[in-house]
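Summary of structural features
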Amino acid sequence: MASSKGGGGGGGGIPLERMSVEQLRALKEQADLEVNLLQDSLTNIRTATTRLEIASSALNDLSLRPHASKMLVPLTASLYVPGTLDDSQKVLVDVGTGYFIEKTMAEGKDYCERKINLLKSNFDQLVEVASKKKNVADEMAVILQAKMKQLASTSS
């Protein structure tokens, strides 16, 4: 089963079956923590992707509006102020940490699409890593339970 796996899935370590209960417990806790961190990262990537998809949709909507259109401009997630569309072919793109770059509408859409594709690629890679870590953690749990049963039967 997991006899060829090393501690933490790194290979070349002590086989899981030869580890003590305490070592297995510590390793399982570490693997569970890593899985939880990976799940949090997946959630963050999913949230960022959704935000970029909304921004891309907003750019499409904005490009269809005529010059001098009245609209509400979001300052924060819950605060909007009235505004007038001056030029629908120029947009400010938030590139992070409070920096904005003026781009054409096409460049803004392209930026969003590239970021979405990058995040989706990272998401897919992270899902694979999280799945492998989860499998290792599950193997450790099975071996740990077997060792606990063995200790319980020998002490009875």
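Residues numbered from 1 in each chain as written. Predicted model: local features only at pLDDT ≥ 70, side-chain atom pairs only at ≥ 80, totals over all residues. Heavy atoms only, no water.

**Points about the pattern of salt bridges**
If charged atoms from side chains of opposite charge come close, those side chains can pair. Which entries qualify depends on this criterion: For this analysis, a salt bridge means a side-chain nitrogen from Lys or Arg found within 4 Å of a carboxyl oxygen belonging to Asp or Glu. Each helix corresponds to a stretch of at least 4 residues labelled H or I by DSSP, and each strand to a stretch of at least 2 residues labelled E; elements are numbered beginning at the N terminus. Any residue under 20% of the maximum accessible area for its type is buried, any over 50% is exposed, and the rest in between are partly exposed; the area is computed with a 1.4 Å probe on protein chains only.
Summed over all chains, the structure comprises seven salt bridges. In this structure, the salt-bridge partner of Lys 28 is Asp 32, at a minimum N-O distance of 2.7 Å. Taken as a pair, Lys 28 and Asp 32 lie in helix α1 (residues 21–64) at a separation of four residues, close to a single helical turn. One salt bridge in this structure joins Glu 34 and Lys 133, with 2.5 Å as the shortest N-O distance. Highlighted residues: Glu 34 in helix α1 and Lys 133 in helix α2 (residues 105–155), separated in sequence by 99 residues. Its relative accessible area of 24% is what places Glu 34 among the partly exposed residues. Taking the relative accessible area as the measure of exposure, Lys 133 reaches 23% and is therefore partly exposed.

**Brief notes about the side chain of Ser 56**
To keep things clear, this is the line we draw: Whether two residues are in contact is decided by their heavy atoms: any pair within 4.5 Å suffices.
Relative to the elements of secondary structure, Ser 56 occurs in helix α1. The class of Ser 56 is buried, set by a relative accessible area of 8%. Every residue in contact with Ser 56, bar those within four places of it in the chain, is listed here: Cys 112 and Glu 113.

**Describing the environment of Lys 28**
For Lys 28, a relative accessible area of 17% translates into the label buried. Taking the C-alpha atoms as reference points, Lys 28 and Thr 84, 56 residues apart in sequence, are found 57 Å from one another. Ignoring anything within four residues of it in the chain, the contact list for Lys 28 reads Ala 137, Met 140 and Ala 141.

**Some words on the confidence of the model for the protein**
For clarity, the cut-off: The predictor attaches a confidence to each residue, called pLDDT, with possible values from 0 through 100.
For the protein, per-residue confidence averages 87 on the pLDDT scale, and 92% of positions sit at 70 or higher. Predicted confidence for residues 1–10 stays below pLDDT 50, and this span has 23 contacts to residues more than four positions away or in other chains.

**A look at the nonpolar core**
Grouped burial of nonpolar side chains is what soluble globular proteins tend to show. Under the convention used in this document: Residues grouped as a nonpolar core are buried Ala, Val, Leu, Ile, Met, Phe, Trp, Tyr and Cys residues, joined through side-chain atoms within 4.5 Å.
Judged by nonpolar contacts, the single largest core of 14 residues is most densely connected at Leu 52, Leu 59, Val 91 and Leu 126. Counting residues per element, the ones that place at least two in this core are α1, β3 (90–96) and α2. Per-element tally for this core: the top contributor is α2, with seven residues. In this structure, Leu 24, Leu 27, Ile 143 and Leu 144 belong to the second largest nonpolar core, which totals 11 residues.

**A closer look at the packing of α1 against α2**
Our working definition: Axes, fitted as lines to C-alpha atoms, cover a helix only where it is in contact. Angles between the N-to-C directions of the axes lie from 0 to 180 degrees. Oblique is the label for any angle not covered by the other classes, which are roughly parallel (under 35 degrees), roughly antiparallel (over 145) and roughly perpendicular (65 to 115). For any helix crossing, the convention is left-handed if the near helix is rotated counterclockwise from the far helix by under a right angle, and right-handed if that rotation is clockwise. By the convention adopted, Pro, Cys, Tyr, Trp, Phe, Met, Ile, Leu, Val and Ala count as nonpolar, Lys, Arg, Asp and Glu as charged, and the other residues, Gly among them, as polar.
Interhelical geometry of α1 versus α2 gives an angle of 160 degrees and a closest axis separation of 7 Å. Here α1 lies roughly antiparallel to α2, going by the angle between them. Handedness of the crossing formed by α1 with α2: left-handed. Grouping the constituent residues of the contact of α1 with α2 by class yields 29 nonpolar, eight polar and 13 charged.

**As for the pairing of β3**
Strand residues, when the strand is regular, have side chains that alternate between the two faces of the sheet. Spelled out, the test is: Pairs of strands are assigned from DSSP output, requiring at least two bridges between the strands.
Examined bridge by bridge, β3 and strand β4 (residues 99–104) share six bridges and lie antiparallel to one another. Bridge pairing in β4 places Val 91 opposite Lys 103. Counted along the chain from β3 to the antiparallel partner β4, the turn is two residues long, and its residue Thr 97 has a positive phi close to 45 degrees.

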